[in-house]
Every structure is written in structure tokens, then in C-alpha cells.
Amino acid sequence: MPSTLIKNCSWLVTQNRNRDVLRDCSIMIRDGKILQVGKVSQSADAEIDGAGKIALPGLINTHTHLSMVLLRGYADDMQLQDWLQKKIWPAESRLTAEACYQGALLGCAEMIMSGTTTFMDMYLHMEDVARAVNESGLRGLLSYGIIDLFDAAKAKAEQEKTQKFFEYVRDLGSPRIQFAVGPHAPYTCSPETLQWAKEFAEKNAVIDHIHIAETRKEQADFQKQHGMRVVEYLDKIGALSNRMLAAHCVWLTKSEVATLGKVGASVAHCPVSNMKLASGGVAPLPEMFESGIAVGLGTDGAASNNSLDMFETMKICALLHKAHRWDPTILNAQKTLDLATIDGARALGLQDEVGSIEPGKKGDIIMLDTQLPNLNPLHGDDTIISDLVYSASPANVNTTIVDGQILMANKQLKTINLAQIIQNASRIATQLVHA
Ligand SMILES: [Zn+2]
């Protein structure tokens, strides 16, 4: 693989252990990895001018349903059950492999253009999603969403689909694509399937991705049916582990948070989706931090967001917790940026590979253009992190690099064809919602 030199970045936000912000320095990437950060004298096969730019580790989206971009804006401002039953589920029942492929490409284009380089997905027709992600050059952890509805025959079929997808990813042999097991939720999967998923994850050293406690109703139903709360139930049936990545976790007690912390589970916090669907609760982030839980940020699917914009997610996340706790210091800009970078990497078990710009890590870097009104004036090193969290937007994302490969330069996509993707996605979306 050729080497790439990012030359003389005006700012370099490392997200390393000291959270160093460097001025006027360069980054050398070779064989997909960061070789050197600082003053670089060698030349490289490709050079990128960093003048007027902020280099930042690529953002990490720890929970999405990529192909749902096809349903963006299709059903908004509705009650959750109406939304699912009248709009989302009927449209999803018409999803084909080709639809998921085209939707995934559209999602990949949106992520590359908004600065996301790594993401965790859960959906259907995952072989086709994997194909799209592989073409795009992004780094993806992909799970097939298992729903058995407490039916043993369906559970067996879902396990077989998961096994088949596991083999597909293995045979694909992409260094950027990882398999994850994906039991949808404790209310859509039998205890046997949840236990099977945990064992599958342990045996194959992969993530066990699930939705937990997204609504108050979920907790009320578990209390009624099992006489205990959701995390207590998962603990009792032996489904929890340090390989679990739980999306949402909006309605948790302190004791449930402590249980997740004790087993070493991670959380994908999706503030925009939770607010849009009016889930009511707010994920107890400060308590999660206290319990040592690795927390990352997620957009959730575009049907409940409606974008895959991690800059927007960072800002809304910080604002939500400030408003909720009546405390502007509860989640500062640095910690919020951590959630979208190095903490997200930890939640995905990738902290040794991505999430910061340091020698030895993967060359997953984005560059933001400071020569736009929303990033001016830049007051100095003390405010650059605030500028990134509260002012920056995808409009500033100029260059996106994953594994040392340039996926976008000067706002031009290099691996996939945007005009073609938009045309195909529009055609398929019309078939989905008007069938
Ligand atoms: Zn979700």
C-alpha cells in the first residue's frame, strides 16, 4: 500500500493519553498505519496539504442501522408503536438484498462526508451491506439483527443466518470489516438465543450487540412478566459479558448500571434517537462513567435521527446532559469528543487500533476546513475542542482517510460514485414506501 503524508496541519487533535493538541505538524501513514506524528522530513507517494486544516481521529459511530437511510424522513413525529407498526415494519418487510446494498452505499457516502470512519451496524441482508462497506473503504463492525420472537424454529433459522454471515465475513477477508453477533433485544429474543449469542461472541472473540432499555415500557413489561428489571433478567439468564455492547440503556437504575459495569459491558449512547422518539429517560452517563463502563456515541438508524451526522450527535449529547442535570459542567467538550473517538473505540474493543492519532494506530484520520464562517475566529489551543464539538459540522469535513486510503479529498468521494448512489437509492426508496 502506498504511503501518505499529511503535511503541516494547522492543528492536530491527537486524542492521545494527554489529549495533546499540536500545531503545524505532519502525519506520515504507511501500510495503513500511522508511522510518525510531528516534524516529518521524508516524502511519500501521496501528499495532502494540511494548511488551514484541523486533523482529527475519524469519528466512531457505535450504533446504527445503515440501510435505514432509505426510510429517512418517511415517518416522523409519531408515537413509537404507530411509527413501527404502521410505517417502519411494513416498509422493512419489503426490503430486498439489493435495497439493503444500495441503502448501505448511501449510508457509507454520508458517513465518509460527515467524518465517520468506523461504525457498528445491525440490520438485515448483511452480506450485501458488507459488500457495500467493503467497496466504500470504511471500517465496519457488522451484525445481523436476530429476532426469534420466542419461537424455537425461528431461533434455529436465525442462528443459521448468523453463522452463514460469520463465514461470509471470514471469507471476505477484509481487514476493515469485522463480524459481530446481533441479538436485537431481550423482548424480541428468547433467553436461549441470548445465551447462544453470548457464547458465540466469546467463542469467536467478537462483540455481542443488543438494544437494552430503550423505553420505559420495556422495563414495565419485564417487571410484570419476570418480576425483575431488564438487566437483572439478563444477569439471571447468564446473557451478560464483557463482549456485550448495549445500545440505548436509557431506562436503567443505578444498580443496573453497576451490574453492567461489573461484567465489563459497553454502552452505545444514542441521544438524538432517544429524544426524537421521546423515550423520556436520559441515559445515566455520569453513573456509567463512575462504573467504568466504556460509552460510545451512536446515531441509531436514519429513520429515527434522521442523519448519520456524528458532529450533530456530539453537540446534542452534551446539551442533553447539561439540560437534564441543570449542570453545564456535567459533560464538557473534551469528554464529548472522547465519546465520539477514543471512548467509542474502547466500546468496540478497538482502542489499540483507532480513536486517536498516534504512531502504531490505523491511519483513520479526517481533516476539517477552518476557512468557513462557523470555525472562526479560532481563539487558540484552549478552545479548539469546544469549536469541534459545538461549532463544527460535516460542512467542514474536507478529507477522510481510513487505513491510509483516501476515501474523500477536497470533498470529492474517491471510492464510490455519489450521483449513481443517490439515483439508485431514490428509485429503491420509492418502491419501498409506495408498494
Ligand atoms: Zn437501534
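Residues numbered from 1 in each chain as written. Predicted model: local features only at pLDDT ≥ 70, side-chain atom pairs only at ≥ 80, totals over all residues. Heavy atoms only, no water.

Okay, the overall build of the protein chain next. Secondary structure summary: the protein chain contains 15 helices and 17 strands in total. Taken over the C-alpha trace, the protein chain has a radius of gyration of 21 Å; the compact-globule value for 435 residues is 22 Å, and the two agree within 12%. Its C-alpha atoms give the protein chain principal-axis dimensions of about 65 × 45 × 40 Å. Here the analysis covers contacts within the protein chain between residues at least 6 apart in sequence; of these, 73% occur between residues at least 24 apart. Carbon and sulfur atoms make up 50% of the accessible area of the protein chain, which amounts to about 17100 Å² in all. Computed over 41 positive and 49 negative side-chain charges, the separation of the two mean positions in the protein chain equals 1 Å. (Helix = DSSP H or I, 4+ residues; strand = E, 2+ residues; numbered from the N terminus. Rg over C-alpha atoms; globule rule 2.2 N^0.38 Å. Contact = heavy atoms within 4.5 Å. Areas by Shrake-Rupley, 256 points an atom, 1.4 Å probe, with all protein chains shown as cover. Lys, Arg positive; Asp, Glu negative; His and termini not counted. Charge placed at Lys NZ, Arg CZ, Asp CG, Glu CD.)

Take the packing of aromatic side chains next. Per the stated rule, a full pass over the model turns up seven aromatic pairs. Considering the side-chain rings of Phe179 and Phe200, the 5.7 Å spacing of their centres and the 55° angle between planes classify their relative orientation as tilted. With a gap of 21 residues between them, Phe179 in strand β9 (residues 177–183) and Phe200 in helix α5 (residues 191–204) connect regions that are remote in the sequence. By relative accessible area, Phe179 is classed as buried at 5%. One aromatic cluster is present, formed by Phe165, Phe166, Tyr168, Phe179, Trp196 and Phe200 through successive ring pairs. (Phe/Tyr/Trp six-rings, centres within 6.5 Å; stacked < 30°, edge-to-face > 60°. Buried < 20%, exposed > 50% of the residue type's maximum accessible area, 1.4 Å probe, protein only.)

By the secondary structure assignment, Thr341 is in the loop between α12 (333–340) and α13 (342–347). A residue is classified by how much of its surface remains accessible, and Thr341, at 0% relative accessible area, is buried.

Helix α15 (residues 418–434) packs onto helix α2 (residues 97–113) with a crossing angle of 135° between their chain directions and a minimal axis gap of 9 Å. Compared by their axis directions, α2 and α15 come out oblique. The two elements α2 and α15 meet at a crossing, and its hand is left-handed. Contacts between α2 and α15 pair Glu98, Ala99, Gln102, Leu105, Leu106, Ala109 and Met113 from the former with Leu418, Ile421, Ile422, Asn424, Ala425 and Ile428 from the latter. Of the residues assigned to the contact of α2 with α15, the class counts are ten nonpolar, two polar and one charged. (Axes fitted to C-alpha atoms, helices over the stretch in contact; angles between N-to-C directions. Parallel < 35°, antiparallel > 145°, perpendicular 65-115°, else oblique. Left-handed = near helix turned anticlockwise from the far one by under 90°. Nonpolar A, V, L, I, M, F, W, Y, C, P; charged D, E, K, R; others polar.)

Another point: the layout of surface pockets. Roughly 380 Å³ of volume is contained in the second largest pocket. Lining the second largest pocket are 27 residues, with Ala205, Val206, Ile207, Arg243 and Leu348 positioned closest to its centre. Only α4 (152–172), β9 and α13 provide two or more residues apiece to the lining of the second largest pocket. Ranked by residues supplied to the lining of the second largest pocket, first place goes to β9 with four residues. Split into classes, the residues belonging to the lining of the second largest pocket amount to 16 nonpolar, eight polar and three charged. (1 Å grid on protein atoms, 1.4 Å probe; cavity = no way out; pocket = protein on both sides within 12 Å on 5 of 7 lines; lining within 4 Å. Points joined across faces, edges and corners; volume = space filled by probe spheres on them.)

Take the pairing of strand β12 (residues 266–269) next. Side chains Ser266 and Ala268 project from β12 onto one buried face, and the interleaved Val267 and His269 project onto a second face that is buried too. Sheet topology places β12 next to strand β13 (residues 294–297); four bridges connect them, and they run parallel. Note that in β13 the partner of Val267 across the bridge is Val295. (Pairing = 2+ DSSP bridges.)

Another aspect to go through is the sheet that holds strand β7 (residues 116–123). Ordered in space as β6-β7-β8-β9-β10-β11-β12-β13, the eight strands form an open sheet in which the pairing is parallel. Looking at which strands have only one partner, the edges of the open sheet turn out to be β6 (59–64) and β13. Across the sheet, the mean angle separating the axes of adjacent strands is 25° when strand polarity is ignored. By the bridge criterion, six bridges tie β7 to strand β8 (residues 139–146) in an arrangement that is parallel.

The omega torsion across Asn305 and Asn306 is 15°, close enough to zero to call that bond cis. Of note, Asn306 is situated in the loop between β13 and α11 (310–325). In this structure, Pro377 follows Asn376 across a cis peptide bond, with omega equal to -5°. With phi around 60°, Gln15 is a residue other than glycine that occupies positive phi space. By the secondary structure assignment, Gln15 is in the loop between β1 (4–13) and β2 (21–30). A positive phi angle, close to 50°, is found at Ala213, a residue other than glycine. Along the polypeptide, Ala213 turns up in the loop between β10 (207–212) and α6 (216–226).

As a further point, take the coordination of the zinc ion. The protein atoms that coordinate the zinc ion are His63 (NE2), His65 (NE2), His211 (NE2) and Asp300 (OD), at distances spanning 2.1 to 2.4 Å. Seen from the zinc ion, its four donor atoms lie at angles of 87 to 173°, and the figure they make is irregular. What makes His65 buried here is its relative accessible area of 9%. (Donors = N, O, S within 2.8 Å, 3.2 Å for Na, K, Ca; no water. Tetrahedral: all angles 85-135°; square planar, octahedral: opposite > 155°, others 65-115°.)

Our next topic: the pattern of salt bridges. Using the criterion set out here, one finds 15 salt bridges in the structure. Note that Arg19 and Asp338 form a salt bridge whose closest N and O atoms lie 3.0 Å from each other. Of this pair, Arg19 sits in the loop between β1 and β2 while Asp338 is found in helix α12, placing the two residues 319 residues apart along the sequence. You can call Asp338 buried: its relative accessible area is 6%. (Salt bridge = Lys/Arg side-chain N within 4 Å of Asp/Glu carboxyl O.)

Take the packing of helix α3 (residues 126–136) against α4 next. Between α3 and α4, the least distance of the axes is 10 Å, while the angle of their chain directions is 25°. One finds that α3 runs roughly parallel with respect to α4. The interaxial crossing formed by α3 with α4 has right-handed handedness. Packed against α3, whose contacting residues are Met126, Glu127, Ala130, Arg131 and Asn134, the element α4 presents Lys164, Phe165, Tyr168 and Leu172 at the interface. A per-class count over the contact of α3 with α4 returns five nonpolar, one polar and three charged.

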